Amino acid sequence: LPGELARAALRLLLLAALSMPFKGLSKKGTAATIATIGFLVALYFTTKLWGMGEPSLFFGLFTVDTHALFFKIIFVVTALAIVVFSQNSRELSDNEYEYYALITGMLVGMNLLASTHNILMMYVALEFTSLMSYLLVGFAKNSNRSSEAALKYVLFGAVASGFFLFGASLFY
């Protein structure tokens, strides 16, 4: 349920980002408010799952145990802190909705990574989180340093991903 709520917040942020020029939603702080409410609701339902057993989802690919819930709570609290501290950033003037959508997508990827019990799903969740991270590094469109850092990060991530897949193939 908390993963569904985080994905719902991501959908709402993406919808708001797409409709921003048409509906006049460009008021500063609207995206941060949507993200904060989504994260608080996800945090509430994540804490409600504590101690309810360990259900297995999708034929054992994901398990909601206390270990996963602990890390999900850490991830949501960290995402809330990022939203609170980045609300007054000058770099978010035009792309506020996209920034918070990337933060929410990164939260979804990390929550999937915390719950997975399969190496293939771990790889997919790790790559999803990495993709959001690459986009956040290159988020400042007018900065050459940001673009260079994003390119180097993508290349380093591709090499690391190749090593991970090679190691996983040796494991199986």
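What comes next is a walk through the structure. Fair warning: this is a prediction, and the values are worked out from it, not measured in the lab. (Residues numbered from 1 in each chain as written. Predicted model: local features only at pLDDT ≥ 70, side-chain atom pairs only at ≥ 80, totals over all residues. Heavy atoms only, no water.)

### Comments concerning the overall build of the protein chain
Alright, step 1. Of regular secondary structure, the protein chain possesses six helices and two strands.
Alright, step 2. Listing each helix as α and each strand as β along the protein chain from the N terminus yields α-α-β-β-α-α-α-α.
Alright, step 3. Evaluated residue by residue, the protein chain yields a buried proportion of 38% over its 172 residues.
Alright, step 4. In the protein chain, 66% of the contacts between residues at least 6 apart in sequence involve partners at least 24 apart.
Alright, step 5. Just so you have it, the protein chain exposes about 10500 Å², and 70% of that area is on carbon and sulfur atoms. (Helix = DSSP H or I, 4+ residues; strand = E, 2+ residues; numbered from the N terminus. Buried < 20%, exposed > 50% of the residue type's maximum accessible area, 1.4 Å probe, protein only. Contact = heavy atoms within 4.5 Å. Areas by Shrake-Rupley, 256 points an atom, 1.4 Å probe, with all protein chains shown as cover.)

### Here we look at the pattern of salt bridges
Alright, step 1. The tally for this structure, following the rule as stated, stands at one salt bridge.
Alright, step 2. Linking Glu148 and Lys152 is a salt bridge whose minimum nitrogen-to-oxygen distance equals 2.9 Å. Of this pair, Glu148 and Lys152 both sit in helix H6 (residues 144-171), four residues apart, roughly one helical turn. (Salt bridge = Lys/Arg side-chain N within 4 Å of Asp/Glu carboxyl O.)

### Notes on the nonpolar core
Alright, step 1. With 21 residues, the main nonpolar core has Phe39 and Tyr100 as its most contacted residues.
Alright, step 2. Mapped by element, the contributors of at least two residues to this core are helix H2 (30-48), helix H3 (66-85), helix H4 (96-115) and helix H5 (119-137). (Core = buried A, V, L, I, M, F, W, Y, C linked by side-chain atoms within 4.5 Å.)

### Here we look at the side chain of Ser133
Alright, step 1. The topology assignment puts Ser133 in helix H5.
Alright, step 2. Taking relative accessible area as the criterion, Ser133 reaches 12% and is therefore assigned buried.
Alright, step 3. Beyond its immediate chain neighbours, meaning those up to four positions away, Ser133 contacts Met106 and Tyr153.

Purely spatial values, then, with no claim about function.
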